[in-house]
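# Close look at the chain arrangement
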Amino acid sequence: MTRRAGAADLPLHTGRVPAWLGQRMARLGGVIAQAVIHHYGRDEFLRRLAHPFWFQSFGAVMGMDWHSSGMTTSVIGALKRGLAPLSGELGLYVCGGRGRHSRRTPDELRVVGDRTGLDATPLVATSRMVAKVDSAAVQDGFDLYLHGFVVAADGRWTVIQQGMHTGRRMARRYHWLSEGLESFVDAPHAAIEGRMAQDAIVNLTDRRAAPSRRGQLDLLHAMGPDGLTREVTRIEGRVPPAPAQGNLPHLFLPAHHDVRPVDVNMRRLHGALAAAAEAGPRDFADLLRVPGVGARTVRALALVAEVVHGAPCRFSDPARFSLAHGGKDRHPYPVPVAVYDRTLSVMKAAVSAARLGREERLDAIRRLDRATRRLEREATGPSFSAIMAEEYDRSHEYGGRSVFGHEPPPPRRVSEGQVDGVMRHDGQPHDQ
């Protein structure tokens, strides 16, 4: 049965992804998709896109803001660009997007039908009906403005939609996964999920709402649209409470933009750091035969490897994956462009070799993920603040960059009494 696979609530954020990052996101998103499909198949990649925690971690590891509403638009756009030249090979097509791009979804699905031989008519109907269900049949206060439709050459699909609640300044993302369509209007959701303590929800897709659906049709036939309008204006109605339903994965991210220790599972992070150290930059570079791979790149690869191989339960703290390549707004730190490009080189070389039957490079990355899970049981390491301090101190060495520009070297410290280039006679820094 077609079902809603999960939901995510995200703070509304404005801004644009700079071209230098958007291009890299497209390439890294495409190569991670190839790695997942190579190891686990196309259906598994669709399932992961339908999981809100994995989707958020996927975007974070690509250098996008780890928690904002813009994550959804950026990841859909990056996948659309990154997978376009690979669509014929992978049998995977990304349609739609935000605003005017969402309205082009039917036309883009028809193009996919022409290329693959799929009957696009039911896909177009699916696209429209899923949007109607989340905007009209389920009324939770969020107005849809983004519709991404990822379809495989065999007709399986994932839909990712996002709505905006301007009063709360929150966005809600809805994930759908196809598993043999039965009905869109009779319990298509595995659950309706969200923090709606102060709001009422109208859910006409619940099985218990079947009498209401039939009654609405009877009224329409008996009274006509005009008669119904007059009756509604005469009656003061009350919205029924939200029906109790089962739980789905639901990601609710905080309003603060910076990454804080409470947002990160330090046990898992220390496991990734320990695995990177155990792999040894020299041996790992030799194994992958990619020059220039150092300790910092291996750390990023450990988190990328988890996105490729990790189980769903491991993505409950998507902020952790932002520690691979930082974020465009300097949260948790500026994007280390040199590290990002080396990660891309390693992953691209590994996937290219695997397509030719040489699995050793992709296997090395998979072993890095296994080592992370093994070592995190007992690994210890630096504090969160120490990790952040090192990243900022060395950001310029890694080609650190954000929407604010290139990261300069940190102020030179020549003695304990000189801080940020300002000296006081008592050895204490002036107030800034």
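Nothing here was measured: the structure is a model prediction, and the numbers come from that model. (Residues numbered from 1 in each chain as written. Predicted model: local features only at pLDDT ≥ 70, side-chain atom pairs only at ≥ 80, totals over all residues. Heavy atoms only, no water.)

## Some points on the sheet that holds strand S9 (residues 335-336)
Here 3 strands make up an open sheet; going across it, the order is S9-S10-S11 and the pairing antiparallel. Of all the strands in the sheet, the pair left with one neighbour each is S9 and strand S11 (405-406). Relative to strand S10 (residues 400-402), S9 runs antiparallel, the two sharing 2 bridges. Each bridged residue has a counterpart across the sheet, and for Val-335 the counterpart in S10 is Arg-401. (Pairing = 2+ DSSP bridges. Helix = DSSP H or I, 4+ residues; strand = E, 2+ residues; numbered from the N terminus.)

## Looking at the nonpolar core
The tendency in soluble globular proteins is for nonpolar side chains to be buried side by side. If you look at the biggest cluster of nonpolar residues, it comprises 83 residues, and the most contacted ones within it are Ile-32, Phe-45, Val-61 and Leu-92. Element by element, the count of residues in this core is highest for helix H1 (residues 19-40), at 10 residues. Setting aside chain neighbours within four positions, we find Leu-92 in contact with Ile-37, Arg-42, Phe-45, Leu-46, Leu-83, Ser-87, Val-150, Val-151 and Ala-152. Val-133, Phe-142, Val-151 and Met-170 belong to the second largest nonpolar core, which has 17 residues in total. (Core = buried A, V, L, I, M, F, W, Y, C linked by side-chain atoms within 4.5 Å. Buried < 20%, exposed > 50% of the residue type's maximum accessible area, 1.4 Å probe, protein only. Contact = heavy atoms within 4.5 Å.)

## Focus on unusual backbone geometry
With an omega of 0°, the peptide bond running from His-331 to Pro-332 counts as cis. Unlike most non-glycine residues, Arg-169 shows phi in positive territory, near 55°. Positive phi values are uncommon outside glycine, yet Arg-330 reaches one of about 70°. In this structure, Arg-330 sits in the loop between helix H13 (322-325) and S9. Classification of Arg-330 as partly exposed rests on a relative accessible area of 26%.

## With respect to the packing of aromatic side chains
Any two aromatic rings considered together are summarised by their centre-to-centre distance and by the angle between their planes. Using the criterion set out here, one finds 4 aromatic pairs in the structure. For the ring pair Phe-45 and Trp-54, a centre distance of 6.1 Å and an interplane angle of 90° mean the geometry is edge-to-face. As far as the burial class goes, Phe-45 and Trp-54 line up, both buried. Note on Phe-149 and Trp-157: the rings are 5.6 Å apart at their centroids and 40° apart in plane angle, and the pair reads as tilted. Trp-157 gets classed as buried once you look at its relative accessible area, which sits at 5%. By way of ring pairs, the aromatic residues Phe-45, Trp-54 and Phe-58 are connected into one cluster. A cation over an aromatic ring shows up here: Arg-296 above the ring of Tyr-398, its NZ or CZ 5.8 Å from the ring centre. (Phe/Tyr/Trp six-rings, centres within 6.5 Å; stacked < 30°, edge-to-face > 60°. Lys NZ or Arg CZ within 6 Å of the ring centre and 35° of its normal.)

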